[in-house]
Amino acid sequence: MQEIKRGSFVERDKNGPERVFKNIVILTGAGISAESGVATFRDNDGLWENHKIEDVATPEAFARDPVLVQSFYNARRAHLHTVKPNAAHKALARLQKELPGDVTIVTQNVDDLHERGGADAVMHMHGELVKVRCRACATVHDWIIDCTAESKCPTCERLGTLRPHIVWFGELPFHMEEIAEKLQACDLFISVGTSGNVYPAAGFVSNVQETGKAHTIEVNLEPSEGASLFAERRQGKAGELLPNLVQELLNMG
Ligand code: APR
């Protein structure tokens with residue numbers, strides 16, 4: 001594997017052309033949406049609107065108090081109408097469109113800012129605020145209004161069976177098989193705006209390192225829990241750093 005010095009981007013290989021990346025996987029977390037005004041989870045004024053996670057983001061919480069849980073997600077869904085994608089979301093969408101290769105965006109975020117910023121085929125491993133799932137017939141539906149006990153499933157027409165299409169603590173994340181395949185095949189892994197506190201996403205950089213064939217970059221406001229596992233770190237705001245990183249990658253293509 002080509003020796004890549006920490007901190008520099010990709011040193012020109014003395015004996016050959018600069019390395020070009022063809023299979024890029026980008027993992028994003030709440031930090032990429034912070035500059036759009038969407039609260040993160042673990043910064044000091046963390047999200048959860050003064051609710052403990054176990055009171056609003058577990059199947060037990062939903063069984064115990066469905067009205068509280070539905071209203072928590074209804075408030076977050078309604079907030080989406082007041083925020084817009086930022087330069088970081090748009091930079092990743094540009095990379096997907098313009099890089100001659102495969103660019104996969106895997107996000108832990110449940111907002112739709114990647115899509116509204118122009119990205120395609122985003123893998124939402126923790127689900128999506130703008131979707132609901134029927135607990136009776138298991139169908140998933142686009143949903144941008146409040147979801148309540150009076151809401152009717154568009155497929156089976158039952159009342160009160162719709163829940164947020166969100167992966168709660170204790171539930172299995174979505175798209176894991178496809179994500180594992182992409183991590184095995186990638187030659188560049190970029191992590192943006194995540195504290196590296198929650199698995200399995202926090203383990204992706206180790207999965208990539210084990211293949212021995214990929215460069216790894218962390219773009220974050222501060223070093224994450226897994227920062228030392230990355231070959232390269234760029235510290236700062238995603239909205240400021242990602243446009244330049246994307247331009248560097250496109251210049252190499
Ligand atoms: N640019 C880049 N990084 C930023 C920015 C920014 N403008 N603002 C904040 N950050 C960084 C913070 O320093 C922090 O490391 O983003 C990270 C956000 O971390 P968390 O709040 O823990 O969010 P995330 O890592 O996405 O949480 C993962 O935990 O609670 C669960 O399901 C929830 O998907 C979430 C998961």
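Residues numbered from 1 in each chain as written. Predicted model: local features only at pLDDT ≥ 70, side-chain atom pairs only at ≥ 80, totals over all residues. Heavy atoms only, no water.

Draft legend 1. Spotlight on the confidence of the model for the protein chain. Considering every residue of the protein chain, the mean pLDDT works out to 91; 90% of them sit at 70 or more. Ignoring residues within four places in sequence, the model shows residues 1-16, a span with pLDDT below 50, making 33 contacts including any to other chains. (pLDDT = per-residue confidence, 0-100. Contact = heavy atoms within 4.5 Å.)

Draft legend 2. Quick look at the domain arrangement of the protein chain. The domain architecture assigned to the protein chain consists of domain 1 (23-38 + 85-126 + 173-252) and domain 2 (47-82 + 130-166). Of note, the centres of domain 1 and domain 2, computed from C-alpha atoms alone, are 27 Å apart. Contacts between the two partners involve eight residues from domain 1 and, on the opposite side, seven residues from domain 2. Taken as a group, Val-110, Asp-112 and Phe-174 account for 57% of the area that domain 1 buries against domain 2, more than any other trio of residues on that side. If you look at where domain 1 meets domain 2, you find zero salt bridges. The interface formed by domain 1 and domain 2 includes one residue pair in polar contact (both at pLDDT 80 or more). Residue composition of the side of domain 1 that touches domain 2, grouped by class: three nonpolar, two polar and three charged. (Domains from an automatic or database assignment. Buried area = accessible area lost by both parts, 1.4 Å probe. Salt bridge = Lys/Arg side-chain N within 4 Å of Asp/Glu carboxyl O. Polar contact = N/O pair within 3.5 Å; in protein donor to acceptor, adjacent residues only side chain to side chain. Nonpolar A, V, L, I, M, F, W, Y, C, P; charged D, E, K, R; others polar.)

Draft legend 3. Local environment of the environment of Thr-82. Position of Thr-82 among the secondary structure elements: in the loop between helix H4 (66-80) and helix H5 (87-98). Between the alpha carbons of Thr-82 and Ala-238 there is a distance of 20 Å; along the sequence they are 156 residues apart. Of note is the side chain of Thr-82, whose polar atom sits 2.6 Å from the backbone oxygen of His-79. (Helix = DSSP H or I, 4+ residues; strand = E, 2+ residues; numbered from the N terminus.)

Draft legend 4. Structural context of the sheet that holds strand E4 (residues 127-134). Pairing is antiparallel across the open sheet formed by three strands, whose spatial order is E5-E4-E6. The open sheet is flanked by strand E5 (140-142) and strand E6 (162-166), the only strands paired with a single partner. Put simply, the sheet's adjacent strands are angled 45° from each other on average, direction ignored. With three bridges joining them, E4 and E5 adopt antiparallel strand pairing. The residue of E5 that forms the bridge with Lys-131 is Asp-142. Running over the sheet, H4 touches E4 and E6 and is turned about 135° from E4. (Pairing = 2+ DSSP bridges. Axes fitted to C-alpha atoms, helices over the stretch in contact; angles between N-to-C directions.)

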